[in-house]
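Here's the letter readout for the chains.
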Amino acid sequence: MTFKPHGKHLIAGEWVTSEKTFVSEPAHGPSYEYAVGTPELIDQAVQSAEEAFWSFGYSTRQDRADFLNAIADEIEARADAITEIGSQETGLPEARLQGERGRTTGQLRLFASHILAGDYLDRRYDAALPERAPLPRPELAMVQRPIGPVAVFGASNFPLAFSTAGGDTASALAAGCPVVVKGHSAHPGTGEIVAEAIHAAIIKCGMHPGVFSLIQGGKRDVGTSLVQHPLIKAVGFTGSLAGGRALFDLCAQRDEPIPFFGELGSVNPMFVLPAALSARGDNIAAGWAGSLTMGAGQFCTNPGIVVAIKGADTDAFIRSATAALEPVGAQTMLTDGIASAYRAGRDRVAGTTGVRAVLTSMCDLRNATPYLFATTGQDWLANHILAEEVFGPLGLIVVVDDMEEMRAIARSLQGQLTCTLHMDDADTEDARSLMPILERKAGRVLANGFPTGVEVCDTMVHGGPYPASTNFGATSVGTLAIRRFLRPVCYQNMPAALLPDDLL
């Protein structure tokens, strides 16, 4: 049976509507009307989140783990409906959505097991030293505590893993922080079903209804009222540099500035070193083409830039990459706006001095086809516009004169989510000379792989220096993401009866 959305917001356990509506713009299938959020509804949701914090923020880790697992169960119970409307809204293939759903529920379950283990609390003890001279030391204990209500903005390119119950929401709930989600208008039906799953888990686990709210639609005033609400203590965001920077500035301008954890994109450069290029340039080119065009290039870790030293091997690499990209047909992009921005980025690169077109194609409406361009290291360094992300399947090969110029390219980079080295044993010294630069530029450094695909695990870092993210000490993927929504509290000479249970 086809799922038909009701188009309402979820606020404090109630499905509510509003006067204005907007109509969804699916890639295929029927459109539906959804209520438009308002600052007044934001206030209701945040006030309820603050009320919920007094119980949820002091709940046991077992209760929160049960809650996270219940959300995962309820999402899986709605699997077919999520896949159906998610595919209609985004144009993503069913297999991709099924995989993303598994990633989302797996993430919830991972966080549940992680908080039960307790290591994330970073508990520390210093025993009293009453006989110490010249002054005694008091008894001290420290533990990480939840910060309060968190605002989360859904992402356009991941309707499940980075949206309603995605990494930001899951990590905030794991920490003990209620969440208010501003849903993305590109996939409101998907967001609604997932919100229904969370609502069902709230009822099943007996949680305060204000622990989660979803506000759909709304213009800039809705997002502004959310990040500037005095009861919101942090913001999670995945999206464009312009949108994220605007919200970041709003967070900083508050009477009480709050952390803004924004993941804003990256060109994710790959440095192909000479021995690897000579030995397996064709394979690297084919792998790059697959990574570049996966999901119409709509991944924040899409490797848009390749840097290689000029010569016959690089010429052969360009030919191999071209041959691998040529058969790739048009793919549906997530929204008309993203498709339009992709074409604008293509035109920006094509119109830059020193850039030559290697592979051109034709795309219009909501479709994307691959493009390949090449430039020299000198022209790259002279045109900083080439270092700006083009969200889609567009690749740029930067041909440098030597390793010295390759290192200059690396030093010129802004912050990145990822940097990749393709190397063989004979490239070790060259790779070693790049490593100090790359680890200063990126949150994740790869060898002989492709960065699309971010593993959800303890060690993953999905973040990096600005503008890859707005907080280089954090990650939006992996168990370390929970730490974003905690702060350390020290207790001095505190009676055991007053200490948090997590310290006992």
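Just above, that's the structure.
Sequence order as written defines the numbering, with residues in each chain counted from 1. Only residues with pLDDT of at least 70 are given local features in this predicted model, and only at 80 or more are side-chain atom pairs given and counted; all residues enter the totals for whole chains, interfaces and linings. Hydrogens and water are ignored here; the side-chain numbers use all heavy atoms of the structure.

A.B. asks: How would you explain the packing of aromatic side chains if you had to name every residue and give the values?
C.D. replies: Centres within 6.5 Å make a pair out of two Phe, Tyr or Trp rings, where for Trp the six-membered ring is used; the pair is then stacked when the planes are under 30 degrees apart, edge-to-face when over 60, and tilted otherwise. Applying the stated criterion across every chain yields a total of 14 aromatic pairs. Taken together, the ring pairs in this structure connect Phe153, Phe237, Phe248 and Phe260 into an aromatic cluster. Any Lys NZ or Arg CZ that is within 6 Å of a ring centre and within 35 degrees of that ring's normal is treated as a charge sitting over the ring. The ring of phenylalanine 158 has arginine 96 sitting right over it, with the charged end atom 4.7 Å from the ring centre. We note arginine 484 situated over the ring of phenylalanine 261; from NZ or CZ to the ring centre the distance is 5.7 Å.

A.B. asks: With reference to specific residues and values, describe helix H7 (residues 220-227).
C.D. replies: For H7, the complete set of buried residues consists of Val222, Gly223, Ser225, Leu226 and Val227. Turning to H7, the residues buried within the fold contact helix H1 (39-56), strand S7 (150-153), strand S8 (179-182), strand S9 (212-215), strand S10 (234-238) and helix H8 (241-253). Using a 1.4 Å probe on the protein chains alone, a residue whose accessible area is under 20% of its type maximum counts as buried, one over 50% counts as exposed, and one in between counts as partly exposed. Helix and strand definitions follow DSSP, with helices as H or I runs of at least four residues and strands as E runs of at least two, each counted in order from the N terminus. Residues are treated as being in contact if the distance between any of their heavy atoms lies within 4.5 Å.

A.B. asks: Can you lay out the environment of alanine 339 for me, pointing to particular residues and giving the numbers?
C.D. replies: Note on placement: alanine 339 falls in helix H11 (residues 336-350). In this structure, the C-alpha to C-alpha distance between alanine 339 and glycine 210, residues 129 residues apart in sequence, is 37 Å. Contacts of alanine 339, omitting those with residues within four sequence positions, involve Met333, Leu365 and Arg366.

A.B. asks: Explain the nonpolar core to me, using residue names and the numbers behind them.
C.D. replies: Ranked by internal contacts, the top residues of the largest apolar core, which has 58 residues, are Phe67, Phe212 and Phe485. Excluding its chain neighbours within four sequence positions, the residues that come into contact with phenylalanine 485 are Arg145, Pro146, Ile147, Val150, Asp168, Ser171, Ala172, Ala175, Cys177, Ala234 and Phe261. The next biggest cluster of nonpolar side chains, apart from the first, holds 39 residues, and it includes Leu92, Val267, Tyr371 and Trp380. Only buried Ala, Val, Leu, Ile, Met, Phe, Trp, Tyr and Cys residues count toward a nonpolar core, and they belong to the same one when joined by side-chain atoms within 4.5 Å.

A.B. asks: Please set out the packing of helix H2 (residues 61-77) against helix H6 (residues 188-205) residue by residue, giving values where relevant.
C.D. replies: For helices, the axis comes from a line fit to the C-alpha atoms of the stretch in contact; other axes are also lines fit to C-alpha atoms, and the angle between any two N-to-C directions lies between 0 and 180 degrees. Two elements in contact, H2 and H6, have axes separated by 8 Å at closest approach and are oriented at 135 degrees. Accordingly, the angle class assigned to the pair H2 and H6 is oblique. The handedness of the crossing between H2 and H6 comes out as right-handed. Mapping the contact onto sequence places Asp66, Phe67, Ala70, Ile71, Asp73, Glu74 and Ile75 in H2 and Val194, Ala197, Ile198, Ala200, Ala201, Ile202, Lys204 and Cys205 in H6. In this classification, the charged set is Asp, Glu, Lys and Arg, the nonpolar set is Ala, Val, Leu, Ile, Met, Phe, Trp, Tyr, Cys and Pro, and all remaining amino acids, among them Gly, are polar. Of the residues in the contact of H2 with H6, the class split is 11 nonpolar, no polar and four charged. Orientation is classified from the angle alone, with under 35 degrees giving roughly parallel, over 145 giving roughly antiparallel, 65 to 115 giving roughly perpendicular, and any other angle giving oblique. Left-handed is the label given to a crossing in which the near helix is rotated counterclockwise from the far helix by less than a right angle, and right-handed is the label when the rotation is clockwise.

A.B. asks: Which residues make up the pattern of salt bridges, and what are the values?
C.D. replies: Salt bridge, as used here, is a side-chain nitrogen of Lys or Arg placed within 4 Å of a carboxyl oxygen of Asp or Glu. Throughout the structure, instances matching the rule amount to 15 salt bridges. For arginine 124, the salt bridge is made with aspartate 122, and the minimal N-O distance between the two is 3.0 Å. We classify arginine 124 as partly exposed; its relative accessible area is 48%. Judged by relative accessible area, which is 22%, aspartate 122 ranks as partly exposed. For lysine 233, the salt bridge identified is with glutamate 256, shortest N-O distance 2.9 Å. Taken as a pair, lysine 233 in the loop between H7 and S10 and glutamate 256 in the loop between H8 and strand S11 (260-263) lie far apart in primary sequence, 23 residues in all. Relative accessible area serves as the criterion here: at 24%, lysine 233 is assigned to the partly exposed category.

A.B. asks: A description of the environment of glutamate 25 should follow, citing residues and the corresponding values.
C.D. replies: Within the fold, glutamate 25 resides in the loop between strand S3 (21-23) and strand S4 (33-35). Along the primary structure glutamate 25 and histidine 187 are separated by 162 residues, whereas in three dimensions their C-alpha atoms are 8.6 Å apart. Apart from residues lying up to four places away in sequence, glutamate 25 is in contact with Glu89, Asp336 and Arg366.

A.B. asks: Talk me through the sheet that holds strand S18 (residues 394-400); I want residue IDs and the actual numbers.
C.D. replies: Pairing between strands is defined by DSSP: at least two bridges between the two strands are required. Here seven strands make up an open sheet; going across it, the order is S15-S17-S18-S13-S12-S19-S20 and the pairing mixed. This sheet does not close on itself; its edge strands, each paired only once, are strand S15 (356-359) and strand S20 (442-447). Across the sheet, the axes of successive neighbouring strands diverge by a mean angle of 25 degrees, strand direction being ignored. For strand S12 (residues 270-272) and strand S13 (residues 305-309), the ladder comprises two bridges, and the chain directions are parallel.

A.B. asks: Go over the packing of H2 against helix H5 (residues 167-175), please, and point to the residues and values.
C.D. replies: Look at H2 against H5: their axes get within 9 Å of each other, and the N-to-C directions meet at 155 degrees. Here H2 is positioned roughly antiparallel relative to H5, judged by the angle of their axes. For the crossing formed where H2 meets H5, the hand is right-handed. Across from Arg64, Phe67, Leu68 and Ile71 in H2, the residues of H5 making contact are Ala170, Leu173, Ala174 and Ala175.

A.B. asks: Before we move on, can you summarise helix H13 (residues 403-412) with the specific residues and values?
C.D. replies: Restricting attention to buried positions, one finds in H13 the residues Met403, Glu405, Met406, Ile409 and Ala410. For H13, the angular spread of the buried residues around the axis is 160 degrees, confining them to a single face. Where H13 is buried, its residues touch S12, S13, helix H12 (377-382), S18 and helix H14 (428-441). Put simply, aspartate 402 is the residue that caps the front of H13, since its side-chain oxygen is 3.3 Å from the backbone nitrogen of glutamate 404. Directions pointing from the helix axis toward each C-beta atom define the arc. Here a polar contact is taken to be a pair of N or O atoms separated by no more than 3.5 Å, where protein atoms must pair a possible hydrogen donor with a possible acceptor and residues adjacent in sequence count only if both atoms sit in side chains.

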